[in-house]
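Geometric and topological summary
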Protein chains: 4
Amino acid sequence: MEKIKVGIVGATGYAGAELVRLLLTHPYAEITAVSSVTYEGKKLSEVYPNFKEIAEYTLENSDTVIKKCDVIFASLPHGLSEPLAEKCIEAGKLLIDLGADFRMYDEKAYSDWYKREYSHPNLHKYAVYALPELYREKIKTAKIIGNPGCYPTSVALAVFPLLKNRLAKTEGIIIDSKSGVTGSGRGLTQGTHYPDTNEAFSAYKAGEHRHTPEIEQTLSDIAGKPVTVTFVPHLLPVNRGIESTVYMTLNDGVTKEQVVEAFKTAYENEQFVRLETLGNYANIKNVRMSNYCDISLHFDMRNNHVIVSSVIDNMVKGAAGQAIQNMNIRFGLPEETGILMPPQQF
Amino acid sequence: MEKIKVGIVGATGYAGAELVRLLLTHPYAEITAVSSVTYEGKKLSEVYPNFKEIAEYTLENSDTVIKKCDVIFASLPHGLSEPLAEKCIEAGKLLIDLGADFRMYDEKAYSDWYKREYSHPNLHKYAVYALPELYREKIKTAKIIGNPGCYPTSVALAVFPLLKNRLAKTEGIIIDSKSGVTGSGRGLTQGTHYPDTNEAFSAYKAGEHRHTPEIEQTLSDIAGKPVTVTFVPHLLPVNRGIESTVYMTLNDGVTKEQVVEAFKTAYENEQFVRLETLGNYANIKNVRMSNYCDISLHFDMRNNHVIVSSVIDNMVKGAAGQAIQNMNIRFGLPEETGILMPPQQF
Amino acid sequence: MEKIKVGIVGATGYAGAELVRLLLTHPYAEITAVSSVTYEGKKLSEVYPNFKEIAEYTLENSDTVIKKCDVIFASLPHGLSEPLAEKCIEAGKLLIDLGADFRMYDEKAYSDWYKREYSHPNLHKYAVYALPELYREKIKTAKIIGNPGCYPTSVALAVFPLLKNRLAKTEGIIIDSKSGVTGSGRGLTQGTHYPDTNEAFSAYKAGEHRHTPEIEQTLSDIAGKPVTVTFVPHLLPVNRGIESTVYMTLNDGVTKEQVVEAFKTAYENEQFVRLETLGNYANIKNVRMSNYCDISLHFDMRNNHVIVSSVIDNMVKGAAGQAIQNMNIRFGLPEETGILMPPQQF
Amino acid sequence: MEKIKVGIVGATGYAGAELVRLLLTHPYAEITAVSSVTYEGKKLSEVYPNFKEIAEYTLENSDTVIKKCDVIFASLPHGLSEPLAEKCIEAGKLLIDLGADFRMYDEKAYSDWYKREYSHPNLHKYAVYALPELYREKIKTAKIIGNPGCYPTSVALAVFPLLKNRLAKTEGIIIDSKSGVTGSGRGLTQGTHYPDTNEAFSAYKAGEHRHTPEIEQTLSDIAGKPVTVTFVPHLLPVNRGIESTVYMTLNDGVTKEQVVEAFKTAYENEQFVRLETLGNYANIKNVRMSNYCDISLHFDMRNNHVIVSSVIDNMVKGAAGQAIQNMNIRFGLPEETGILMPPQQF
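Because the structure is predicted, anything quoted here is derived from the model rather than measured. (Residues numbered from 1 in each chain as written. Chains lettered and ligands numbered in written order. Predicted model: local features only at pLDDT ≥ 70, side-chain atom pairs only at ≥ 80, totals over all residues. Heavy atoms only, no water.)

**Details of the overall build of chain A**
Note the cut-off: Strands here mean DSSP runs of E at least two residues long; helices mean DSSP runs of H or I at least four residues long; both are numbered from the N terminus. Radius of gyration here is computed from C-alpha atoms only, and the compact-globule reference equals 2.2 Å multiplied by the residue count raised to the power 0.38. Between buried and exposed lies partly exposed: a residue is buried under 20% and exposed over 50% of the maximum accessible area for its type, with that area taken using a 1.4 Å probe on protein chains only. The criterion used for residue contact is that any of the two residues' heavy atoms lie within 4.5 Å. In short, Shrake-Rupley with a 1.4 Å probe defines the accessible areas, and a residue's cover is counted only from the protein chains shown. In this count, Lys and Arg are taken as positive residues and Asp and Glu as negative ones, while His and the chain termini are left out. Charged side chains are reduced to one point each, which is NZ for Lys, CZ for Arg, CG for Asp and CD for Glu.
Per the secondary structure count, chain A includes eleven helices and 14 strands. Taken over the C-alpha trace, chain A has a radius of gyration of 20 Å; the compact-globule value for 346 residues is 20 Å, and the two agree within 12%. Viewed in the frame of its principal axes, chain A has a C-alpha envelope of about 60 × 45 × 40 Å. Going through the 346 residues of chain A one by one, you find that 67% of them count as buried. A separation threshold of at least 6 residues defines the contact pool for chain A, and within that pool the share at least 24 residues apart is 71%. Split by element, the accessible area of chain A, about 11200 Å² in all, is 49% carbon and sulfur. Computed over 36 positive and 41 negative side-chain charges, the separation of the two mean positions in chain A equals 2 Å.

As structure tokens, this is what we get:
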């Protein structure tokens, strides 16, 4: 098979650099062009010295990337992917967008949380919200792939079997998530300055994080009715990893066994979702550097609560790995192609 | 004033060592004897080299400590404080117990969770659950001071104004807590081996942690009726600090302003509880090495939830500092004596 | 005794904030004014929330600090302390400068490494290089106190007994130092962005660090002849602490015992310098948050090398703590006043 | 090509687990059996949950591994590889030993530092010290491959061009190394308990580390005459990575340019050794999770010193990755087969 010519727009951000790292060993993809507004003209390895002698690409601009490539991965601040998508559609190129612009089906939900209108409303009909485990079929023919956010990925996989099988109530869902610092990006902020972050921990954007409507869109779709959630993220002093602890109330009469069975059934054919043995706990270290989502189930039957702990590597299953998984689906490749590296145990 | 002769039983555990560190600079207390079963006969500074030339105590046994001292701080595995308490009561010495044996007023709640009966049931009438901000008066005359657990301290202070003022429902309380690794103690385990803990994160003992009945005892007392909670702790890769994110449902018609006002009123005279300005987040780094509890309030009014983030240093306000605060109260000293060090900012 | 009115110019940098933290509990000093160019008019607790309700100072400008205070601590980029010193001298106020401007006695050595001439050459006659353990007498009458750099403090104390007693050669001295990230300051850089610093380690400014001439000045003074050193600092992924491993060649016939004896003699009356028992290793954790310098001695007699490991808290003995130690000396107070807190063991 | 049947003796240690992780994606090797004394009969994924559903091997004993496999990787405490080697030689199987037993050509040097005699002296004639960049030819036909230690790998590559080209003196070589905590292994010790290791740093075994004779063996071989070194390792609070800063004195008249040229020439055809551009610094983060060794060159010409900073991932190039590199060489495979993953940038 001829290699897919892939390009990365925004290659010097963390998600972009992670795409480079993963695509370098993809057997059917070839990185053909990469771009960066800030570093145009420089070499990627000047920004990321780990790539020295391995990925000696010169950073170009996004137009060049679109021209040279079949698939364009974009990792841009919200608002910038819409004009890029227009060019891709015109050029007949596939866009896999890791940003937020093409995740919401409802413009109002988007504009309420992102505080801007769509600049290209007509493009959104081409876009698919691309969480493979839930929406694999739609992805196969999408022209624009809206790659899910990191938190929503961890949450949707944690909740899916419960809502799909009507085992838990759609009200009162509490999501307490913790993310490693790469989730905040490469840009400098006081809050991610080493001495301010190390040995520190706090919540942020409680009830206000922009991933909330994305989570609610998916949960509503699974439940078949509007679902709202209380979502509170926290900044975790590690480089990588998201853990989401989801609290839900079981429907009357639902047993532990039914819950466990529902998760087993839902994920028995999903190679990237692993269910922990009852009594064990999902831990971000067990999925580090991999595309796996580990899920553990816990119960507080005194209060009729099921507690789901879900972990992913925010840069892989939460961003670049899932984007490649989507590319594989779209191109009819085995879904795990190039992203089957085992997690790093320490 | 003559100095109080204080002794520490279990001085080589983390809480014991922290007591030593703090008591060394207490103006009205003098460390008179320290004990350790494991290291009896050795010098404390052999176990904790930071104490070299500063706290050159020889580790003795607990009987000697009781004999030499007026106040005995004990930090022991549960079950071991009851026989110690008997000796203290007999000798007319004050016991400040940092363990779990004297925290529960209801023996059944204790035995349900700790899987043992009281060995000295008659002693418990002398014991007071000693969270100063809630039970200051009782502490003044206690013969046995049951120093609260770390998680319960962070939670009780987070919830107190809400339940006391009947602003939030007593049902459906979710507590998602995260603790630094010192909370697991000095004993070696695979789960606290550096390469297994660093860059890792997971929940543990979800719905099963022994601090649950202690939390429920306090919340029930505040609410004036039985309260149960869903409590899930997590292990945080930092040395010190607990953050508890508490999710509660507001009673009908309760406003943000009422909630903020209730917290202001509750804590305006409490020097060790600080309320964050609305919009800021409590962070464990801001209370590190201090006896403060910082609290921030957040709201998800779409779901009628109040979210309280509460942080303490688990070794200070969550253990040794609060024990000294209790000693101060019991001896009529200004409550902040010896524990007013500012938090370490980085 | 009436309290000394102290002020801090540059109070929002890390060293400035540490001065505030330590001076808050100094029994004979009172923080009277603090300044910041960047945050003038704001409250210090807005920049450092750990100070909320504890140190609610409003940031003023440096002129106000000089006017209101008896002692001015300054922590400024090099070049800015000279004009400040002029104003202090004119106003008859003591300047304790934590910057680099008043550390060198030889202007040429300063200008060679700092690439600027003195703007106020006439002031330098008032300045004393204030490493208390070596230059205590001079400090007692200084008008300008040049507080030593962090690396030079750790190195000078490691080398002093060896050179003073002519036990080791003055040639071929190798200094391999490692510093926690607070040493780089509060300003944002890519190299101190959490995901770039965490799990990372490298040397920097090998053979080029500006602390080199300061180290050489002190070592030359001890040796009574010009000494040059090879000094390579490294960035250590911890918040606080410096470890310097110093490699020196023993003079012919010098024994281990002589070396140990020389260190014992040199520091037996120095309360802030602790010598490890032979076989133990100095560790930054044992001096954290304290003014101690711990030193351990090691030998490679196959190669006739003595290896000295010296550790300090870079923010305390390496900056703010030593500055207060110097103030105490200057004011005839017991040297340890306000800075005798035991190290934090974990 | 038929896959090589590989087995791992000591698969539950850190190096063993890393071998599993890397071999899982090796295109020409198949993990056929793994063993562990402690966990025999259990599944590897019970010890390392990251391997769940990926490497569901049952742990057997070493005899079974030898029987089933063509190549036996062993990662055992010293003294245990000799009897294993005897069985491998008898069975005609290749042993790649990651332990210390087959690294020294001189039994006396081994017994002086390891405090034991060889139990099977006759086997050592089959063994090759297998640092590929220096001894590639010998490895091609070895029956026992003595995989180098982690520190010696970082040091030998740092020193090789200097000694080979007679650019630096063989006397006075100082090696200051820092290793991540995985280097201490999976066994529990107080010194690697999280709260004791985190935010800590110290030297250990100064002048006494058992990697010293191994370093000296290689350097003597390069120089063609006996070389001794002063070697001081330090424990670095990160999971992975070794940085060695090597200080050497240039021979008279040697210029920077000559040094740089020598390194370029030595490594221009070595794909796993990367030379930093002058002015940049080797950083452990740039080689993390990869088989690369990055080297940067620095000069203190005032003291005629060249300073070489060399970094590797201690678990990959310092252990498992290099072992696979050696297997590839031995089997005539392209040397990079299965170990060409790019370093993880964050």
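**Digging into the sheet that holds strand β3 (residues 59–60) of chain B**
Inclusion rule: Paired strands, as defined in this entry, are two strands with at least two bridges between them according to DSSP.
Spatially, seven strands are ordered β3-β2-β1-β4-β5-β7-β6 (chain B) in an open sheet, and the strand pairing comes out parallel. Of all the strands in the sheet, just β3 and β6 (127–129) of chain B have a single pairing partner and so form its edges.

**A few points about the interface of chain A and chain D**
Under the convention used in this document: Once two parts are put together, the accessible area they lose, assessed with a 1.4 Å probe and summed over both, is termed the buried area. Every case where a carboxyl oxygen of Asp or Glu lies within 4 Å of a side-chain nitrogen of Lys or Arg is listed as a salt bridge. Pairs of N or O atoms are called polar contacts if they sit within 3.5 Å, as long as, within protein, a hydrogen donor faces a hydrogen acceptor (for residues adjacent in sequence, only side-chain-to-side-chain pairs).
The interface is formed by 34 residues belonging to chain A together with 34 residues belonging to chain D. With both sides pooled, the region where chain A packs onto chain D buries about 2900 Å², and carbon together with sulfur makes up 56% of that total. If you look at where chain A meets chain D, you find zero salt bridges. Counting across the chain A and chain D interface gives 16 residue pairs in polar contact (both at pLDDT 80 or more). Where the side of chain A that touches chain D is concerned, the elements lending two or more residues are α1 (14–23) and β12 (273–275) of chain A. A per-element tally of the side of chain A that touches chain D places α1(A) first, with four residues.

**A short note on the sheet that holds strand β9 (residues 202–203) of chain B**
Residues and elements named next belong to chain B. To keep it simple, the criterion reads: All axes here are fitted lines through C-alpha atoms, helices being fitted over the stretch that makes contact, and every angle between N-to-C directions spans 0 to 180 degrees.
Taken in spatial order, the seven strands of this open sheet run β9-β10-β8-β11-β14-β13-β12, and their pairing is mixed. Only two strands of the sheet have a single neighbouring strand rather than two, namely β9 and β12 (273–275). Note: strand β11 (residues 242–249) against strand β14 (residues 305–312), eight bridges, orientation antiparallel. Among the inter-strand pairings, Tyr-247 is bridged to a residue of β14, identified as Ile-307. Across the face of the sheet, helix α9 (residues 212–223) comes into contact with β8 (173–179) and β10 (229–235) while running at roughly 135 degrees to β10. Contacts between helix α10 (residues 256–267) and the sheet are confined to β12, β13 (293–300) and β14, with β13 contributing the most and set at about 170 degrees to the helix.

**Notes on the interface of chain B and chain A**
Taken together, the contacts link 45 residues of chain B with 45 residues of chain A. Of all residues in chain B, the largest losses of buried area upon contact with chain A belong to Glu199(B), Phe201(B) and Tyr281(B), amounting jointly to 18% of the total for that side. Where chain B touches chain A, the interface holds four salt bridges. For the pair chain B and chain A, the interface holds 36 residue pairs in polar contact (both at pLDDT 80 or more). Looking at the side of chain B that touches chain A, the elements that each hand over two or more residues are β8, α8 (194–197), β9, α9, β10, β11, β13 and β14 of chain B.

**Section: the side chain of His209(C)**
Residue and element names in this part refer to chain C. Structurally, His-209 can be placed in the loop between β9 (202–203) and α9 (211–223). Here the side chain of His-209 touches His-211 through a polar contact of 3.0 Å, landing on its backbone nitrogen. Not counting chain neighbours up to four residues away, the residues in contact with His-209 comprise Trp-113, Tyr-151, Tyr-204, Phe-231 and Pro-233.

**Concerning the packing of helix α7 (residues 150–164) of chain A against helix α10 (residues 256–267) of chain A**
Helix-helix packing is described using two parameters, namely the angle between the two axes and the distance between the axes. Residues and elements named next belong to chain A. As a reminder of what qualifies: Left-handed describes a crossing whose near helix is turned anticlockwise from the far helix by less than a right angle; the clockwise case is right-handed.
Interhelical geometry of α7 versus α10 gives an angle of 115 degrees and a closest axis separation of 8 Å. Between α7 and α10 lies a crossing whose hand is right-handed. Taken together, the residues of α10 that come into contact with α7 (itself represented by Ala-156, Leu-157, Ala-158, Phe-160, Pro-161 and Leu-162) are Val-259, Ala-262, Phe-263, Ala-266 and Tyr-267.

**Some words on the relation of the copies chain B and chain A**
Note the threshold: Superposing the copies works by least squares over the C-alpha atoms of residues that have pLDDT at least 70 in both of them.
Taken as rigid bodies, chain B and chain A are interconverted by a rotation of 180 degrees and an axial shift of 0.0 Å, the fit giving an RMSD of 0.0 Å. Considering both components of the superposition, the chain copies are consistent with a two-fold axis.

**A short note on the pattern of salt bridges**
Residues and elements named next belong to chain B. Under the defined criterion, the tally for this structure stands at 80 salt bridges over all chains. A salt bridge links Asp-101 to Arg-116, with the nearest nitrogen and oxygen atoms 3.9 Å apart. Separated by 15 residues along the polypeptide, Asp-101 in the loop between β5 (94–97) and α5 (107–114) and Arg-116 in the loop between α5 and β6 bring together distant segments of the chain. Classification of Asp-101 as buried rests on a relative accessible area of 1%.

**Some thoughts on the domain arrangement of chain A**
All names here are of chain A. The condition that has to hold: Boundary definitions for the domains trace back to an automatic or database domain assignment.
Each assigned domain of chain A is listed with its residue range as follows: domain 1 (4–147 + 317–330) and domain 2 (151–314). Taking only C-alpha atoms, the centre of domain 1 and the centre of domain 2 are 25 Å apart. The partner domain 2 presents 31 residues to the 27 residues of domain 1 that form the contact. Contact between domain 1 and domain 2 buries roughly 2500 Å² in total, counting both sides, with carbon and sulfur atoms accounting for 54%. In this structure, the connection of domain 1 to domain 2 is made through three salt bridges. In this structure, Glu-18 engages Arg-240 in a salt bridge whose closest nitrogen and oxygen atoms are separated by 2.8 Å.

**Details of the pairing of strand β2 (residues 29–35) of chain A**
All names here are of chain A. Operational definition: We call a crossover right-handed when, viewed with the strands running away from us, the connection from the first strand over the helix to the second turns clockwise.
The buried fraction of β2 is high, at five of seven residues. Summarising the sheet, strand β1 (residues 4–9) and β2 pair through six bridges and their orientation is parallel. Residue pairing across strands places Val-9 opposite Ser-35, the latter belonging to β2. Between the parallel elements β1 and β2, the chain passes through α1 in a crossover that is right-handed. Here β2 pairs with strand β3 (residues 59–60) via two bridges, running parallel. From the neighbouring strand, Ser-35 faces β3, where its bridge partner is Glu-60.

**Examining the environment of Tyr39(C)**
All names here are of chain C. Tracing the chain through its elements places Tyr-39 in the loop between β2 (29–35) and α2 (44–47). For the pair Tyr-39 and Glu-60, spaced 21 residues apart in sequence, the C-alpha separation works out to 8.5 Å. Setting aside residues no more than four positions away along its own chain, Tyr-39 makes contact with Thr-12, Val-47, Leu-59 and Arg-186.

**Section: the relation of the copies chain A and chain D**
When chain A is fitted onto chain D, the two copies agree to an RMSD of 0.0 Å after a turn of 180 degrees and an axial shift of 0.0 Å. Of the residues that chain A buries at the interface, 100% are likewise interface residues in chain D, meaning the two copies contact each other through the same surface.

**Description of the packing of aromatic side chains**
The criterion, for reference: By convention, a stacked pair of Phe, Tyr or Trp rings (six-membered ring in the case of Trp) has centres within 6.5 Å and planes under 30 degrees apart, an edge-to-face pair has planes over 60 apart, and any other such pair is tilted. Either the NZ atom of lysine or the CZ atom of arginine qualifies as a charge over a ring when it sits within 6 Å of the ring centre and within 35 degrees of the ring normal.
Tallying each qualifying case throughout the model produces 42 aromatic pairs over all chains. Look at Tyr129(A) and Tyr135(A): their rings are 6.3 Å apart centre to centre, the planes differ by 70 degrees, and that puts the pair in the edge-to-face class. Using a relative accessible area of 1% as the deciding quantity, one classes Tyr129(A) as buried. Aromatic side chains Tyr14(B) and Phe346(C) sit 4.2 Å apart centroid to centroid with 50 degrees between the ring planes, which places their arrangement in the tilted category. Here Tyr14(B) is found in helix α1 (residues 14–23), whereas its partner Phe346(C) is found in the segment after α11 (316–330) on a different chain. Ring pairs connect the aromatic residues Tyr14(A), Tyr48(A), Phe51(A) and Phe346(D), which therefore count as one cluster. Between Arg186(C) and the ring centre of Tyr48(C), over which it is positioned, the NZ or CZ distance is 5.5 Å. Sitting above the plane of the Tyr292(D) ring, Arg274(D) keeps its charged end 4.4 Å from the centroid.

**Quick notes on the pairing of strand β13 (residues 293–300) of chain C**
Every other side chain in a regular strand lies on the same face of the sheet, so the side chains alternate between the two faces. Residue and element names in this part refer to chain C. The buried fraction of β13 is high, at eight of eight residues. Neither face of β13 is exposed, since Cys-293, Ile-295, Leu-297 and Phe-299 on one face and Asp-294, Ser-296, His-298 and Asp-300 on the opposite face are all buried. One ladder, built from three bridges, connects strand β12 (residues 273–275) with β13; its direction is parallel. The residue bridging Val-273 from the neighbouring strand is Cys-293, located in β13. In the sheet, β13 pairs with strand β14 (residues 305–312) via eight bridges, with the strands oriented antiparallel. When the bridges of β14 are listed, Phe-299 appears paired with Val-306. What sits between the antiparallel neighbours β13 and β14 is a turn of four residues, in which Asn-304 has the positive phi angle 60 degrees.

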